[in-house]
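Chain and residue survey
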Amino acid sequence: MSAVKQGDALCFFINGKKVTENHADPETMLLPFLREKVKLTGTKYGCGGGGCGACTVMVSRYQPATKTIIHYSANACLLPLCQLHGAAVTTVEGIGSTKTRIHPVQERIAKAHGSQCGFCTPGMVMSTYALLRNKPQPTMDDITEALAGNLCRCTGYRPIVEGCRTFCQEANCCQANGAANCCLNGEKNGNEPEQEKPQLFDKLDLLPLDPTQELIFPPELILMADTSPQTLTFHGERVTWVSPVSLEELIQLKAKHPKAPLVMGNTNIGPDMKFKGILHPLIISPTRVKELFEVSQTPQGVWVGAGCSLSELHSVLEKLVPQFPEEKTEVFRALNRQLGNLGSVQIRNVASLGGNIVSAYPNSDLNPILAVGNCKVSVISSGGRREVPLNQDFFVGFGKVILQPEEIVVSVFIPFSRKGEFVQALRHAPRKEASFATVTAGMRVMFSESSRVVQDVSIYYGGMGPTTVSAAKTCQAIIRRSWDDETLGQAYDILLEELALPPSAPGGKVEFRRSLTLSLLFKFYLEVLHKLKAMNVITDEVPEKIQPLPREIQPGLQEFQPVSKDQGNHDAVGRPMMHRSAISQATGEAVYCDDLPKIEGELFLVVVTSSRAHAKITGLDVSEALQLPGVVDVITTKDIPGKKVRTFCDYNEELLEESEVSCIGQMICAVVADTKAHAKRGAAAVKISYEDLPDPIFTIEEAVEKSSYFEPRRLLQRGDVTEAFKTVDKVYEGEIRIGGQEHFYMETQSMLVVPVGEEMEFNVYISTQWPTLIQDAVAETLNISSNRVTCHVKRVGGAFGGKVTRTSVLASITSVAAWKTNRAVRCVLERGEDMVITGGRHPTLGKYKVGFMNDGKIVAADIQFFANSGNTVDESPLVAEKMVLHMDNAYNIPNLRGRGAACKTNLPSNTAFRGFGVPQGLLIVENMINDVAMVLGCPADKIREMNMYRGPSTTHYKFEFNPENLLRCWEECKRRADYSARRAAIEQFNQQNRWKKRGISIIPIKYGIAFSDGFLNQAAALVHIYKDGSVLVSHGGTELGQGVHTKMQQVASRELHIPPSKIYISETSTNTVPNTCPSAASFGTDANGMAVKDACQILYQRLEPIRKKNPKGTWESWAKEAFMEKISLSATGFYKGPDLYLDWDKMEGQPYAYYTYGVSCSEVELDCLTGDYRTLRTDIVVDIGKSVNPSVDVGQIEGAFTQGLGLYTLEELKFSPFGLLYTRGPSQYKIPAVCDMPLQLNIYLLPDSENPYAIYSSKGIGEPALFLGSSVFFAIKDAVAAARSDSGLKGPFSLNSPATPERACLASASPFTQKVPASKPGSFKPWALDI
Ligand SMILES: Cc1cc2nc3c(=O)[nH]c(=O)nc-3n(C[C@H](O)[C@H](O)[C@H](O)COP(=O)(O)OP(=O)(O)OC[C@H]3O[C@@H](n4cnc5c(N)ncnc54)[C@H](O)[C@@H]3O)c2cc1C
Ligand code: FES
Ligand code: FES
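In this report, the structure presented in the accompanying data block is examined. (Residues numbered from 1 in each chain as written. Chains lettered and ligands numbered in written order. Predicted model: local features only at pLDDT ≥ 70, side-chain atom pairs only at ≥ 80, totals over all residues. Heavy atoms only, no water.)

Things to note about the overall build of the protein
Looking only at helices and strands, one finds 37 helices and 50 strands in the protein. Expected size for 1331 residues packed as a compact globule is a radius of gyration near 34 Å; at 31 Å, the protein falls within 12% of this value. Taken across its 1331 residues, the protein has 64% of its residues classed as buried. When contacts within the protein are restricted to residue pairs at least 6 apart in sequence, those whose partners lie at least 24 apart make up 78%. Surface accessibility of the protein: about 47600 Å² in total, with carbon and sulfur atoms responsible for 51%. Positive and negative side-chain charges of the protein, numbering 138 and 144 respectively, have mean locations separated by a distance of 1 Å. (Helix = DSSP H or I, 4+ residues; strand = E, 2+ residues; numbered from the N terminus. Rg over C-alpha atoms; globule rule 2.2 N^0.38 Å. Buried < 20%, exposed > 50% of the residue type's maximum accessible area, 1.4 Å probe, protein only. Contact = heavy atoms within 4.5 Å. Areas by Shrake-Rupley, 256 points an atom, 1.4 Å probe, with all protein chains shown as cover. Lys, Arg positive; Asp, Glu negative; His and termini not counted. Charge placed at Lys NZ, Arg CZ, Asp CG, Glu CD.)

This is the structure we're talking about:
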């Protein structure tokens, strides 16, 4: 820092406290400043690019011109520290804490069970808080809009939304409580029994919102803003920041430094600097130049300052619209419609209008409308001022506009529309909200008075090339012609030719994008027709109007059994108890791995990974990296003192590769430096040379062709499949491909390895599901014994299977760095690194042949499962194995054969993921059943029902079970969902609508619980009672958000006969409970619950003499007395679980302890023109025995269902033809957001179910419900089938998973998609691979 020039002092407030920073570095964002410098770790890192909302804070500013204070939410990861001069920042810690008073937002999200792993919770809290500061009684629309940019991977959003709903005025209405009839209609809810059903949380038990209690805006900042501002300059290590205060000064600066960017919202420049490594030595920040924020009205329209944020633009336009006749505000309203969908609230609050225009994104949402609306910009430079129209000449290339580098956009003119003019904004995006558009459009048409003859027309598209493009030729074909089918019919053909994308165009989706240009134009055509009709310009019949998809989220039902009246109050088992850390998570106090304070001398580790998929490493030059400031060392395989490989499934995997790489993202070496920034720069400076090896394998087909497998491959069969095919009425062969899935745990891989300093002892603080595996890995790698390594896991910010094996490899590497440097070393992956390095769910190809009778009875099936495993074995053969084990699902197919293979490819290694292959395997099976239904032309539920197991049954691995509860779930789900009536209503809807279709499906699951590797079914616990009566429980399970600690607290509460408040769980550590098994396989509560129970029973027994002696004594008095009597108050508990196995040679065994059953029914509405869909309603019935904690279990069901919905309908990993993962963050990879919630989600826990095989008759539920998300997939398929039927297409058709809008639209085979010529496979190199 000594070389850094002295700049101005940066002054702002955080949570009411003044911060003066004398060395503000322009490269520092608010997020690391908060976390590292101010030690406010409640604000989380989830992506670093504005795409996840985990870092949301509220920014408040005083506006001298209006003397008002504004509050807005913003992403701290993109907020440059230097931008904050004069601002007041509020973080989650600033609004409430357990030490003082928690804020009602924090309380309500927590009490509504909206916090599982809790990593997203501070962001959710702050988005809601910022909304409430502006609108204390919001509508549901306000809430869903405020939360649109906040991702949660655990909850499925329903409980978060329900918690926030309590702030709405309408929350007091009975509808908000799930009643069918509304009190506002004067109707009583006649069907409900008198007695109230138990609720997951009590709405009467909530703190009121009192806006007078909020932090006041610091008066000092008001004074500061009122005094004349000065130019500010900040110097960092590499970058200087200048913030001028006058337009004149800005012009001079830009003239002198034309290459320096103007940083406003930093939502374009920030990600460029962060992810592309672009360095701008000088940054000009004109946010204090008031001319850039002026808004002025003229008779022709409105000038809006280019510095105005998109939210400000929205509110300016919103205020203007009602002041003018509708005909004058067409452009305003079109812009506002688009603004509502652009990015998230956090992005719109900071992103500027000028920045959006100048950034010239090919798929900018605003530019097409500004262009059709005849808008213009006023630009200024030292050469003078000029006005430049925003037309096709303005956008000259990818991210380039016609302006000179020194020119500054001062304001943007948005004209009034004229009489007879219609303007529309259209867009389609991979996800409905918080997603860049695939194709976006602005369209304007003007008619001569009272005529349908087009006087003028303008059409612009985004997403169809490197720039916003004008469809000028198409417009030529429309102008001066009648607005009718004939004109438009010709226009489509011209448009198709005019906007022809090459088949390998960047971004892919070529056919879809081309068809979207047509269908968006068609939508505009219809809309205008309806307007002309309403104006009586045309009198003939017009086709149906396409209404937007419904979007209002209804309160759902969560039904569960109350505990028996006899159960004591202290006994928490069976009650909906809030996640034990929910409040701490909501206040930001909960400590995650990377929240641990920095240790003196601590280093940061960044791994260097391969940029080639298959190559020899010919050189590794780390000399430049070692010269860089702060870099301490570079770790290679030569530095590893112990085992250089990890062994999984009998295959060795190099920790750090030194000779030959087999995927992009494979780890080669690691740079350790004093800071993360220095380590990153060091990693970028490592030079690796390669010699490519021939024929990398990426796809499953390539692997099969080259017999590239990880052994063993598995086969299971019953009956005589070959013979049976000869006896059936029909045989059908099909296949389906299921894409992979990124875990997208909100907390990326994180660890801190600390050498204790003596006798080779290490403490490892880590985010993992399996502390013992990490302990073993570190010990083996360092060649020390396990007793020198203690692994600590306080909590994990989501894992889903992804924090087991991959984490152990990273921990081994980090431990080498700690050992070699003898300093603490932290490694926290960035989102992009995490996505590239750690793999995910196996993409799978399923091929099947099925034989059945004309009545639908399936007699034989032969299924093959091929899992794309990537470059190392990991657990892939076990994943493929599980597909084969589960392939019967709910069906008794007498002749059944399945083969599972793990394919070895040159992609990053895939690993365990919630469901462990079952979600892929079962989709293949259910798709097969669907095909049978389609061949026979009968509803799929009939085929499912007819083929289900009934009565005492035996699986294909000869395991006997009783499917009664599966059938009960099926019947209950049909009844609760009102399936038959709704199917009939859907048929009617589909007959009445050409461009929108509805679909419904009902899907069962039978899911085997526990590890089929029997030795893993064990657990231990350690329980201490202290003299004051407080109890500390330790057990082998890790808290991943699934609530295992909460459930263990409940177990201990029952066994010790004390309230849960006396019981604490601090962490999971290998020195309290050794030799743990992973928290996985939905077995955490089953195993650890029994161990905790055992330990507690031992202790309770020990206390018996004391209790007998003093029966009226308190728990505390007994504990004290026991100590005085020298009775040990500490006990271990152990659970020896079932010895499960499968004999693959004999094809028989008992691989599961029992089955969890569930059935889900989903209905969707599909826009066949864009493939966009909405899940209207989902009903789920699950048999989980007697729930230990209904709120936690409902949370697991909803969260898993939502993750399944993501897998089957939304989440797409895209790899380049060279094996590079394109989708490396939330901007490219879309997990479900609030907008993807079913509009109504009802969960019913099957009553009267017992399970003798698990604690308190409960059942494991972590994984099973994920597959139930496929009910949305099959509902989409059902809707697509209805659309195809209108195009005259019947019978089975291919729809791969995920059923994205692209796939659903193309499969719907509308006249528009059919117009687009398909490119011949093999004639071009596709942009992305089908792996
Ligand atoms: C997560 C995320 C989601 C997004 N989603 C969408 C979306 O759905 N649709 C969409 O259209 N956009 C989207 N965006 C893009 C966003 O709208 C733009 O990045 C933003 O509008 C740019 O404005 P800014 O103020 O942040 O620009 P900055 O990053 O501050 O600057 C961007 C560029 O503009 C130049 N510039 C800024 N102001 C001026 C000026 N007055 N005169 C001359 N040059 C200037 C700068 O020199 C710089 O080169 C998204 C961005 C993010 C990060
Ligand atoms: S970390 Fe800031 S939005 Fe994801
Ligand atoms: S609770 Fe939302 S990400 Fe875990």
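Quick look at the site of ligand 1
As a matter of local geometry, ligand 1 sits amid 31 residues, with Met-264, Thr-267, Ser-352, Tyr-361 and Asp-365 nearest to it. A distance of 2.9 Å separates an oxygen atom of ligand 1 from a polar backbone atom of Asn-268. Between ligand 1 and the protein, one listed contact pairs an oxygen atom with a backbone N or O atom of Gly-343 at 3.1 Å. Protein chains shield 93% of the accessible area of ligand 1, which is 980 Å² for the free molecule. Among the elements of the structure, α13 (353-359) and β15 (408-415) are those that each provide at least two residues to the shell around ligand 1. (Near = heavy atom within 4 Å. Polar contact = N/O pair within 3.5 Å; in protein donor to acceptor, adjacent residues only side chain to side chain.)

A word on the packing of aromatic side chains
Counted according to the given criterion, the structure contains 28 aromatic pairs. Ring geometry for Tyr-957 and Phe-959: centres 6.5 Å apart, planes at 15°, overall stacked. As far as the burial class goes, Tyr-957 and Phe-959 line up, both buried. Here Tyr-1155 and Tyr-1157 contribute two aromatic rings whose centre-to-centre distance is 6.3 Å and whose plane-to-plane angle is 45°, an arrangement assigned as tilted. Overall, Tyr-1157 belongs to the buried group, its relative accessible area being 5%. An aromatic cluster of three or more residues is present, and its members are Phe-422, Phe-447, Trp-483, Tyr-492, Phe-522, Phe-524, Tyr-525, Trp-995 and Phe-1312. For the cation-ring pair, Arg-831 lies above Phe-744, with the distance from its terminal atom to the ring centre recorded as 4.1 Å. If you follow Arg-994 out to its NZ or CZ, it ends over the ring of Trp-995, 4.4 Å from the centre. (Phe/Tyr/Trp six-rings, centres within 6.5 Å; stacked < 30°, edge-to-face > 60°. Lys NZ or Arg CZ within 6 Å of the ring centre and 35° of its normal.)

Some points on the pattern of salt bridges
As enumerated under the stated definition, the model contains 76 salt bridges in all. In this structure, Arg-646 engages Glu-780 in a salt bridge whose closest nitrogen and oxygen atoms are separated by 2.9 Å. Residue Arg-646 is found in strand β24 (residues 645-648), and its partner Glu-780 is found in helix α23 (residues 771-782); the two are separated by 134 residues along the sequence. With relative accessibility at 5%, the residue Arg-646 sits in the buried group. Note on Glu-780: relative accessible area 34%, which makes it partly exposed. (Salt bridge = Lys/Arg side-chain N within 4 Å of Asp/Glu carboxyl O.)

A closer look at the sheet that holds strand β5 (residues 88-90)
Strand pairing within a sheet occurs via backbone hydrogen bonds; the two strands may be parallel or antiparallel. Spatial strand order, β2-β1-β5-β3-β4: five strands in an open sheet with mixed pairing. Taken across any chain shown, the strands that pair with only one partner, and hence form the sheet edges, are β2 (17-21) and β4 (68-75). Averaged over all pairs of adjacent strands, the angle between strand axes in this sheet comes to 30°, irrespective of strand direction. Here strand β3 (residues 56-63) runs beside β5; their pairing, made up of three bridges, is antiparallel. If you follow Met-58 over to β5, its bridge partner there is Thr-90. Where helix α1 (residues 30-37) meets the sheet, it contacts β1 (10-14), β2, β3 and β5, and its direction lies at approximately 70° from that of β1. In this fold helix α4 (residues 121-134) packs onto β3, β4 and β5, with an angle of close to 30° to the strand it touches most, β3. (Pairing = 2+ DSSP bridges. Axes fitted to C-alpha atoms, helices over the stretch in contact; angles between N-to-C directions.)

Regarding the sheet that holds strand β12 (residues 384-389)
Strand order in the open sheet formed by five strands is β9-β10-β15-β11-β12, and the pairing between neighbours is antiparallel. Every other strand in the sheet has two partners, leaving β9 (295-298) and β12 as the edge strands with one partner each. The sheet shows a mean angle of 20° between the axes of neighbouring strands, taken without regard to direction. Alignment of β9 against strand β10 (residues 301-305), held across four bridges, turns out to be antiparallel. Bridged to Gln-297 within β10 is Val-302. Across the sheet, helix α11 (residues 330-341) touches β10 and β15, and the angle it forms with β15 is around 120°.

As for the pairing of β1
With five of its five residues buried, β1 lies for the most part within the structure. The alternating pattern of β1 places Leu-10, Phe-12 and Ile-14 on one face and Cys-11 and Phe-13 on the opposite face, and all of these are buried. With five bridges joining them, β1 and β2 adopt antiparallel strand pairing. Of the residues in β2, the one forming a bridge with Phe-13 is Lys-18. Remark: two residues form the turn of the hairpin made by β1 and β2, two consecutive strands paired antiparallel; Asn-15 in that turn has positive phi of roughly 50°. With two bridges joining them, β1 and β5 adopt parallel strand pairing. Looking at the pairing, Phe-13 lines up with Ala-88 of β5.

Some details on unusual backbone geometry
With an omega of 5°, the peptide bond running from Glu-711 to Pro-712 counts as cis. Along the polypeptide, Pro-712 turns up in strand β29 (residues 709-718). In this structure, Asp-650 takes a positive phi of about 70° despite not being glycine. Its location among the elements puts Asp-650 in the loop between β24 and β25 (651-654). By relative accessible area, Asp-650 is classed as exposed at 77%.

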